[in-house]
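Remarks on the overall topology
The chain contents come next:
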Amino acid sequence: MHSPRSMTAVLALFLVSSSAVVVVAGGMATVTPSDFGSVVPDDGPDYGVNNSTFQRLWSEDVDNGNLSADDFDENVSSRAEFAHRLARSTDIPFDQPPQATGDWNNGDFGDFSPGGRDSSIHPESASLEDGVYIKDAYVSIFATQPSTILHQGNETTQYVSSDGQIRALSDYRVAVPQGDQNGSQRERWSIDQTSIESVELSADGRTIDTGSGHQATLQYTGLSGSPQLTVEANITVTLRHIMLDCPDWNSSISGCDGDWTRDVETLEASKTVSTLQKVVVNQLSGISGNRVQFEARENRTGAVIHPSTEWSTITVDGDVRARSNWWFYTAGRSGWQSMLTSTATNTSRAESSVRPVQVHAFPSQQAPYVPTEPTDAGKRPLAIEETWGAELAGPSLPVNIDLESADPYVNADSIAVSSTTLHESAFRKVTVQGIVRGQSRTVSLSEQQTVRETNLDLTVTEANATHAVVRAMVTENASNDAVTTGRVTIGNQSTALNSSGIAVVTISNPSLIVHGQYQSAAWWRTDQPYAASEDVAKTPANFPDFQTFIDLVVVTMLWFIPVAVLIFGFDYMSGGALLGLTNRS
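Residues numbered from 1 in each chain as written. Predicted model: local features only at pLDDT ≥ 70, side-chain atom pairs only at ≥ 80, totals over all residues. Heavy atoms only, no water.

1. What to know about the overall build of the protein chain
Here is the rule we go by: We count a stretch as a helix when DSSP gives it H or I for four or more residues in a row; a strand needs E for two or more, and each element gets its number in order from the N terminus. Type-normalised accessible area, obtained with a 1.4 Å probe on protein chains alone, sets the label of each residue: buried when under 20%, exposed when over 50%, and partly exposed for intermediate values. Contacts are residue-level and defined by heavy atoms, with any inter-residue pair within 4.5 Å sufficient. Methods summary: accessible areas were calculated by the Shrake-Rupley approach with a probe of 1.4 Å, and residue burial reflects only the protein chains presented.
Scanning the protein chain from terminus to terminus reveals seven helices and 31 strands. Counting across all 585 residues of the protein chain, residues that qualify as buried make up 44%. In the protein chain, the share of contacts with a sequence separation of at least 24, taken over all contacts with a separation of at least 6, comes to 70%. Looking at the protein chain as shown, the accessible area adds up to about 28,900 Å², and 48% of this sits on carbon and sulfur atoms.

What follows is the structure in structure tokens.
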């Protein structure tokens, strides 16, 4: 019988894709519709995001791992309803940063409605500031896109591409001074004009783009390194202050017997608010590698690729690609589930109408693999020989994320691939996709290496009953040049080749046949790869030399003849009764 956890994982596999991916659903507290609704926006799906993908965007929801197969079999009227129930039971990762996050954020950004002049509407995460007349002012980054928050160890880093945009929201309220409508001197206050004159984006103090208004979309290009992005909003307000004075005030009737004098002044006030965000530009400029061909196998080809940074996929020929162990989930940005409305007298809370979503990357327990389906012959067009890099401790994901990261994991910044079905031209250019949506780079692998065939020649130079000395020499098949790298293994002994391509091995208790094998370093880990080769040699039989043989015969006869005569004599004396050799009858 399948447990609810394993059943949920299988269903998650079905929805993600036909490719293999490990999704572990944890047992969480049972949710209620109100709990679920507080996390997943009520106004979705929308903005071109289909229902199935929309349900997967909100990984921070509380998951019910106790759902059974019956919960999916009964009354599931559509794929959308299936996705809805599955998203309630577990979190479903993406194999690459989804376009849906950008589509959702771009559309949802337009749903923001600022407050009036006497109220400021802001997310819980906003940092409010007050001026003399401008109160509860803020500017918040709604979304930086495309971007991915990388979970690595106990730290998170927000990676961006060199070109992108920041969407910023800001609001404020105006505190109009209280007027005085009594007495001979009176004053009135009113708001003449308010505006967010400028919203400025800068990187490390350098202005990049400017906008205006409560909703500003700011573009950046050519970022590099680890810049600190700053968004500043300059809010201005113009107040009209009218002062009235009655020179002929009649106190008995509390009225003015004459004309009022009128004095009007205009007061301008401004307040600059800002917010900061530290980002790292995910550069794909350090990609390198080389193609590999095999001297004895013309139908085999391969490549070694060094992305030198976190990557999601490497494409070698159309849709033939390798997937890394980095997987992605999306979740709403913290502090945006509720919107607060601040006035001069109170603050109220309501469910937010704008809910930005953010992409996260984590090292999955799923090893790098090739998602391309096998051919009719059962062969995949691409094989991953090895991935390697630094081994790191896995991160701890937030408790409400129902996914498990690998711990430890290999940060695979190098990969070796090969194929027996693709033409060698498929590896002349490869495309590396980064962990930030839409970021990729195609590089040419102009350098080519050849895995050369080798010949191993074994010679037994000395042998006896207890040991044998074996001389091994390795040469290239094509040129007969000495091979000076790699090791020769004979029996349980292994020795590196010297500068002449020779290794000498001493083995104990040798058998008649000696087996040897030459093994080079893996072709993806050496500048000059060689193919393995084998050879056998015979140990000479241990026959004595001629003089030793004659000496042995003489000694044997000197011992054997007297004994034989003595025995024959005894037998003769006994009349053949002792051994039956003679007969005296």
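2. Here we look at the sheet that holds strand β25 (residues 454-463)
Rules: For two strands to be treated as a pair, DSSP must find no fewer than two bridges joining them. Note on definitions: angles span 0 to 180 degrees between N-to-C directions of axes, and those axes are lines fitted to C-alpha atoms, for helices only across the stretch in contact.
The strand order across the open sheet formed by three strands is β25-β26-β29, and the pairing between neighbours is antiparallel. Each edge of the open sheet carries a strand with a single partner, namely β25 and β29 (502-508). Taking each pair of neighbouring strands and ignoring which way they run, the sheet shows an average axis angle of 25°. Examined bridge by bridge, β25 and strand β26 (residues 467-476) share nine bridges and lie antiparallel to one another. Paired with N455 across the two strands is T475, which belongs to β26.

3. A short note on helix α6 (residues 100-109)
One turn of the α-helix equals 3.6 residues, which is why residues spaced by three or four share an orientation. By the criterion of burial, α6 is predominantly enclosed, with seven of the ten residues buried. Looking at the buried positions of α6, the neighbouring elements they touch are α3 (51-56), β2 (134-152), β3 (155-174), β6 (215-220), β16 (326-332) and β19 (357-363).

4. Description of the confidence of the model for the protein chain
For the record, the criterion: Per residue, pLDDT measures the predictor's confidence, with a range of 0 to 100.
Chain-level pLDDT for the protein chain is 86 on average; 81% of the residues reach the 70-or-more range. Within the protein chain, helix α1 (residues 4-16) has the poorest average pLDDT of any element, 42, and β6 the best, 98. Predicted confidence is poor over residues 1-37, with pLDDT under 50, and the contacts of this stretch with residues over four places away or in other chains come to 83 contacts.

5. Some remarks on the sheet that holds strand β17 (residues 338-342)
Spatial ordering of the open sheet is given by β1-β17-β18, a layout of three strands whose pairing is antiparallel. In this open sheet, the two edge strands, each paired with only one partner strand, are β1 (120-123) and β18 (347-351). Taken over all neighbouring pairs, the strand axes of this sheet differ in orientation by 30° on average, direction set aside. As defined by bridge partners, β1 adjoins β17 across four bridges and the pair is classed as antiparallel. Across the sheet, S120 pairs through a bridge with S342, a residue of β17.

6. Comments concerning the packing of aromatic side chains
Filter applied, for reference: What counts as a ring pair is set by centres within 6.5 Å for rings of Phe, Tyr and Trp (its six-membered ring), and what kind of pair is set by the plane angle: stacked under 30 degrees, edge-to-face over 60, tilted for all other angles. Sitting over a ring, as applied to charges here, requires NZ of Lys or CZ of Arg to be within 6 Å of the ring centre and within 35 degrees of the ring normal.
As enumerated under the stated definition, the model contains twelve aromatic pairs in all. For the ring pair F54 and W58, a centre distance of 6.0 Å and an interplane angle of 70° mean the geometry is edge-to-face. Seen from their ring centres, F294 and W523 are 5.6 Å apart, and the 90° between their planes marks the pair as edge-to-face. Note that F294 is positioned in strand β12 (residues 288-294) and W523 in the loop between β30 (513-519) and β31 (533-538), a separation of 229 residues in sequence. For the residue pair F294 and W523, the accessibility class agrees, reading buried in each case. Aromatic ring contacts, followed pair by pair, group Y47, F54, W58 and W104 into a single cluster. The aromatic ring of F94 is capped on one face by R56, whose charged end is 4.0 Å from the ring centroid. The ring of W388 has R525 sitting right over it, with the charged end atom 4.7 Å from the ring centre.

7. Comments concerning the nonpolar core
Our working definition: For our purposes a nonpolar core is just a set of buried Ala, Val, Leu, Ile, Met, Phe, Trp, Tyr and Cys residues, chained together by side-chain atoms within 4.5 Å.
With 30 residues, the main nonpolar core has V231 and V237 as its most contacted residues. Listing elements by their share of this core, those giving two or more residues are β2, β3, β4 (185-203), β6, β7 (228-245) and β10 (261-278). Apart from residues lying up to four places away in sequence, V237 is in contact with Y133, I134, V174, I191, Q193, T194, L267, E268 and A269.

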